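# Architecture and fold: a report
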Amino acid sequence: MTAVSMTVNGQHVSAEIDPRTLLVQFLREHLRLTGTHVGCDTSQCGCCVVHVNGDAIKSCTTLAATCDGADVVTIEGLAKGDVLHPMQAAFRENHGLQCGFCTPGMIMTAVELVRRKGTDLDEHTIREELEGNLCRCTGYHNIVKAIGAGAQAMGAAAE
Amino acid sequence: MTATGIGASVRRKEDFRFVTGKGRYTDDVNRPGQAHAYFVRSPHAHATINKIDATEALKTKGVLAVLTGDDIAADKVGGLICGWMIHSKDGSPMKAGAHPALAQGKVRYVGDHVAVVIAETYAIARDAGEKVVVDYTVLPANADTASAAKPGAPVVHDVAPDNMVYDWKLGDKDATDAAFAKAKHVTKLEIVNNRLVPNPMEPRAAVGDYDEGNESFTLYTTSQNPHVARLVLSAFIGIAPEHKLRVIAPDVGGGFGSKIFIYAEETICVWAAKKVRRPVKWTSDRTEAFLSDAHGRDHVTHAELALDEAGKILGLRVKTIANLGAYLSTFSSSVPTYLYAPLLSGQYNIPAIYAEVDGVYTNTTPVDAYRGAGRPEATFVVERLMEVAAREIGRDPADFRRQNFVTQFPHQTPVIMCYDGGDYPKSLDKALELADYASIGKRKAESARKGLLRGIGISAYIEACGIAPSAAVGSLGAGVGLWESAEVRVNPVGTVEILTGSHSHGQGHETTFAQLVSDRLGISIDNVAIVHGDTDKVQMGMGTYGSRSGAVGMSAIVKALDKIEAKAKKVAGHVLEASPDDIEFKNGKFSVKGTDKEIDFASVALQAYIAHKFNGQELEPGLKESAFYDPTNFTFPAGVHICELEIDPQTGVVAIDKWTAVDDFGNLINPMIVEGQVHGGIAQGIGQALFEGAVYNKDGQLLTASYMDYQMPRAGDLLSYDIAVTNTPCPSNPLGIKGCGEAGAIAAPPAVVNALTDALGHEDVPMPATPQTLWRAAQRAVTKAAAQ
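Rules behind the numbers
- Residues numbered from 1 in each chain as written.
- Chains lettered and ligands numbered in written order.
- Predicted model: local features only at pLDDT ≥ 70, side-chain atom pairs only at ≥ 80, totals over all residues.
- Helix = DSSP H or I, 4+ residues; strand = E, 2+ residues; numbered from the N terminus.
- Rg over C-alpha atoms; globule rule 2.2 N^0.38 Å.
- Buried ≥ 20, exposed ≤ 12 C-beta atoms within 10 Å, placed from the backbone.
- Contact = placed C-beta atoms within 7 Å.
- Pairing = 2+ DSSP bridges.
- Domains from an automatic or database assignment.
- Nonpolar A, V, L, I, M, F, W, Y, C, P; charged D, E, K, R; others polar.
- Axes fitted to C-alpha atoms, helices over the stretch in contact; angles between N-to-C directions.
- Parallel < 35°, antiparallel > 145°, perpendicular 65-115°, else oblique.
- Left-handed = near helix turned anticlockwise from the far one by under 90°.
- Expected span 1.5 Å × (residues − 1).
- pLDDT = per-residue confidence, 0-100.
- Core = buried A, V, L, I, M, F, W, Y, C linked by C-beta atoms within 7 Å.

### Quick notes on the overall build of chain A
Counting its regular elements, chain A contains 5 helices and 5 strands. Written out in order from the N terminus, the α and β elements of chain A read β-β-α-β-β-β-α-α-α-α. A globule of 159 residues ought to have a C-alpha radius of gyration of about 15 Å, and chain A, at 15 Å, matches this closely. Taken over the C-alpha atoms alone, chain A extends approximately 45 × 35 × 25 Å along its principal axes. Scored against the burial criterion, the 159 residues of chain A give a buried share of 60%. Contacts in chain A between residues far apart in sequence, at least 24 positions, make up 63% of those at least 6 positions apart.

See the structure below:
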């Protein structure tokens, strides 16, 4: 067993875990944060994207032990109570989700995309940056719209 | 139209939980004391099992049990079933090979279930699974659709020594032969409809639970139709009688058909829960999903179209070999037969049609319904024939289609279907205008100047949706009725719960069904809850597939709401001291005709429950009604999709730069959700045309069993679509709606391939049209053009 401690959504957590425990297993099974999903277990689909020290990473292929001391944010950590993060609100407003399974990963990817590329994102950039996230329901049309709108809203909120 | 009523693009009620990570999918369910299952699967496509040695696995700390086909047999657990009987030409029933949930003596595809290891954790179960030693004698594999039933091919099931599940036909052979005999022109095509893997983003999962005190089971599962799962697990597989078996399908992360079926893993989890006296959980990994989720399509077809001298269609003749895989999945037999050939008339007047379909066994994953199910295959045949025929006789493909459109309704085709309404020229005209079809020549010339090949392709599809009526599908071999149920529970405070047998796995029923209730009862959608996916709450239902939840599921709600209104009028009559016949109900208020006496819906609900104003012997207290709705016909959504694209002949890379869709879905409940359904369908259709294909080698190994080998469409591969609708209300249900869930997946593949062949000087290309395929075709096209 290995001891890990990290900050998850602002809360300090520590645990003794099997060294092979993946970050997504730690989040889902130890902390019962089931908003982070596993769609492919090979880092191809992006359903498991969370933020580790501000970077969007795939938690299905990251050992929890390597995140010792890290600051982790999951989909559950974005909203402030009942007030949605602007990107979450944009997904709802633009019908950027159907079954909802890829949605947490999409939103986490999108929030980090805005951090890296700014709040004024064109369609081509959004599509290219979604290279690591699969959705089978929406055909991406409304996800692209939602991310563009969410990015603008994040800009407006920051002003 | 109110802000939240029928026709409004209401934002979805379910989204708050999904965007905040609060959805509850099957893998999120954990039961106290839960153990975990790992399936030992066959690495061979075809082999006999000589011995399974679990000694070392059982010694592993934390392993609770290793169960095999012998345990299934000892417990008399029934095999998995196929619920649709198809008869061959000679009247003999289809040849269904036994399908045990764990293999008994033989494995028939890579991924077939050999044993299950149940352990304290998934990691222990998986580690122990590696220690289960299976002694196989490997047999030659039968993995190719076209040659599966040829003499000498390895036999998959002894009951079908020629590997033929059935040789089935539809239509009038003599009339069709006569039509071809007098034809002026015959177009012939060889078509392969590529095998696809559905790939909902949520992998399948199951948690089986056994309550010793009540001797009852609960199965949490990723199902599109939990009631049918319960029926099959109970009546056929024999897990428990229905009243002792509860099936719960919570939030389900997409289905596309693949979660209709009753699979081995779910069956084993619920059975094993009693064996180990612990809840048993299994969650598929993605490669398991590629190996064990039912695949889609996989047809090899020869098709012919007969025309007279004026370009009128005289007849259509089709011979299809349909790969059904190693076992008959739940509804597999119906897909290449009654969901396929009855759509071969397309949007066209075709006096004579004859189709032969050979369903064949192979040593591959079972094939069943995938988004569209039979209708994409039919549409591909028809729309490729129309395109090629038009070009062969020197006609504009749009005009040629228009000349042959059905324009009078009802229209009885020669292949079962009676089209009840539509306006096909209207959708075509609108699509041509939106696509700026008239100036395609100019755009082609511009592309040519850049060294690029531009093409445009039309697909005028029709589908039969709202799969029903029960008597009709029963006469065609269905083992179940295809009605839908609804229960409307009005609470004393006027809030409403709708219990429906439909199941939402992305379609947004919690919003659209609430819109219907809001519209009808004049109450806020916030005061309506939709209850689905739990056999202990909803009495019975047939589930969601075939774009049936609107046309059939919502119609059942309408029928129950009619009863609610009738009962509420009686209550209101007593309260307002008027005859129920004089009570009007409008905008949520009951009033006495010609007076200002009125009472709102919530007050009537309260009065119904307190029962102070009427005699409880004459009028039952309470306000709750249920209904079963069985439609009078299928519905027939139809439309035109136009794809415009550019191919770079230097690289074979294709870029779709405009997609126009004009669909006639009848009346719309929520246009935003309808558009979303169309977007997703188009993406899957483009995926079939350009990217996706399940590939088996000659040994029956699936070479495309991960996202690194099977190309799913990504955002950068696709574009934003131009979507529009026409509306001829469906005459066969009270809401006038037709269904929209599959249209895109049906329409898109021929639109793409027709555009590719247009760009390539009519060079045919197989699906998926990968860059390599297109590069080769482009080289041929360029050479041919130079020679001319």
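Still more to cover.
### Describing the overall build of chain B
Check the secondary structure of chain B and you find 19 helices and 28 strands. Since a compact globule built from 788 residues should have a radius of gyration of about 28 Å, the 28 Å found for chain B is in line with a globular shape. Referenced to the eigenvectors of the C-alpha coordinate spread, the extents of chain B come out at roughly 90 × 75 × 50 Å. Counting every position in chain B, which comprises 788 residues, the buried fraction comes to 59%.

### Some words on the sheet that holds strand S2 (residues 47–53) of chain B
Residue and element names in this part refer to chain B. As summarised here, the arrangement of the 3 strands in space is S4-S2-S6, forming an open sheet in which the pairing is antiparallel. The open sheet terminates on both sides in strands that have one partner only, identified here as strand S4 (106–107) and strand S6 (133–138). Of the strand pairs in this sheet, S2 and S4 are connected by 2 bridges, and their pairing is antiparallel. In the strand pairing of S4, Thr48 is matched with Lys106.

### Let's talk about the domain arrangement of chain B
All names here are of chain B. Domain boundaries in chain B define domain 1 (28–139 + 201–254 + 259–292), domain 2 (299–467 + 633–787) and domain 3 (483–629). In this structure, domain 1 and domain 2 have C-alpha centres spaced 36 Å apart. Listed by partner, the interface residues are 24 residues for domain 1 and 24 residues for domain 2.

### Let's talk about the interface of chain B and chain A
Across the contact, 41 residues belong to chain B and 46 residues belong to chain A. Mapped by element, the contributors of at least two residues to the side of chain B that touches chain A are helix H1 (15–19) and helix H17 (671–691) of chain B. With 7 residues, H17 of chain B is the single largest residue contributor to the side of chain B that touches chain A. In the side of chain B that touches chain A, the residues fall into 17 nonpolar, 14 polar and 10 charged.

### Thoughts on the packing of helix H9 (residues 375–392) of chain B against helix H18 (residues 743–759) of chain B
Residue and element names in this part refer to chain B. In the contact formed by H9 and H18, the axes pass within 8 Å of each other and the chain directions differ by 30°. By the angle between their axes, H9 is roughly parallel relative to H18. Of the two elements, H9 crosses H18, and the hand of that crossing is right-handed. Between H9 and H18, the contacting residues are Arg375, Pro376, Thr379, Phe380, Glu383, Arg384 and Glu387 on the first element and Ala745, Ile746, Ala747, Pro749, Pro750, Val753 and Asn754 on the second.

### Notes on helix H14 (residues 509–521) of chain B
Residue and element names in this part refer to chain B. Over its 13 residues, H14 extends 17 Å from the first C-alpha to the last, a length consistent with the 18 Å expected when each residue adds 1.5 Å. Counting buried positions over the 13 residues of H14 gives 12, a clear majority of the element. Of the positions making up H14, those classed as buried are His509, Glu510, Thr511, Thr512, Phe513, Ala514, Gln515, Leu516, Val517, Ser518, Arg520 and Leu521. Buried residues along H14 sit against strand S20 (496–500), strand S21 (528–531), helix H15 (549–576), helix H16 (601–610) and H17. Two residues or fewer past H14, Gly522 is found with a positive phi of approximately 70°.

### A look at the environment of Ser258 of chain B
Residues and elements named next belong to chain B. Within the secondary structure layout, Ser258 lies in the loop between strand S11 (245–248) and helix H7 (264–276). For Ser258 and Asp209, which are 49 residues apart along the polypeptide, the C-alpha to C-alpha distance reads 23 Å. Excluding its chain neighbours within four sequence positions, the residues that come into contact with Ser258 are Pro198, Pro200, Asp293, Ala294 and Tyr370.

### What about the sheet that holds strand S14 (residues 313–323) of chain B?
All names here are of chain B. Spatial strand order, S7-S15-S14-S13-S8: 5 strands in an open sheet with mixed pairing. Among the strands making up the open sheet, the edge pair consists of strand S7 (164–171) and strand S8 (185–193). Between one strand axis and the next, the sheet turns by 10° as a mean value, whatever way the strands run. The pairing of strand S13 (residues 299–307) with S14 spans 9 bridges and is antiparallel. Across the sheet, residue Leu305 finds its bridge partner in S14, namely Leu316. Across the face of the sheet, H9 comes into contact with S8, S13 and S14 while running at roughly 140° to S8.

### Considerations on the domain arrangement of chain A
All names here are of chain A. Domain annotation of chain A identifies domain 1 (2–77) and domain 2 (86–158). In this complex, domain 1 contributes 15 residues to the contact, which on the side of domain 2 involves 12 residues. Sorting the residues of the side of domain 1 that touches domain 2 by element identifies strand S3 (49–52) and strand S4 (55–58) as the ones contributing at least two each. No other element matches the 3 residues that S3 contributes to the side of domain 1 that touches domain 2.

### So, the confidence of the model for chain B
For residues with low pLDDT, the predicted coordinates do not support detailed interpretation. Confidence in the prediction for chain B averages 96 pLDDT; 100% of positions are at 70 or higher. Scored as a whole, the predicted complex attains pTM 0.97, and scored at its interfaces, ipTM 0.98.

### Focus: the pairing of strand S18 (residues 453–462) of chain B
Residues and elements named next belong to chain B. Burial analysis of S18 places 10 of its 10 residues in the buried class, the great majority of the element. The side-chain alternation of S18 yields two buried faces, one formed by Leu453, Gly455, Gly457, Ser459 and Tyr461 and the other by Arg454, Ile456, Ile458, Ala460 and Ile462. In this sheet, strand S26 (residues 638–648) lies alongside S18 in antiparallel orientation, the contact comprising 10 bridges. Paired with Ala460 across the two strands is Val640, which belongs to S26.

### Brief notes about the nonpolar core
Counting residues in hydrophobic clusters, the biggest one holds 318 residues, and the most contacted among them are Ala37, Ala115, Val117, Ile118, Cys269 and Leu344 of chain B. Top contributing element to this core by residue count: H15 of chain B, with 13 residues.

### Topic: the packing of helix H3 (residues 103–117) of chain A against helix H5 (residues 141–158) of chain A
Residues and elements named next belong to chain A. Close contact between H3 and H5 brings their axes to 10 Å; oriented N to C, the two are set at 45°. For the element pair H3 / H5, the angle class is oblique. Helix-helix and strand crossings are classified by hand; for H3 and H5 the assignment is right-handed. Here Met106, Ala110 and Val114 of H3 lie close against H5, whose contacting residues are Ile143, Ile147, Gly150, Ala151 and Met154.

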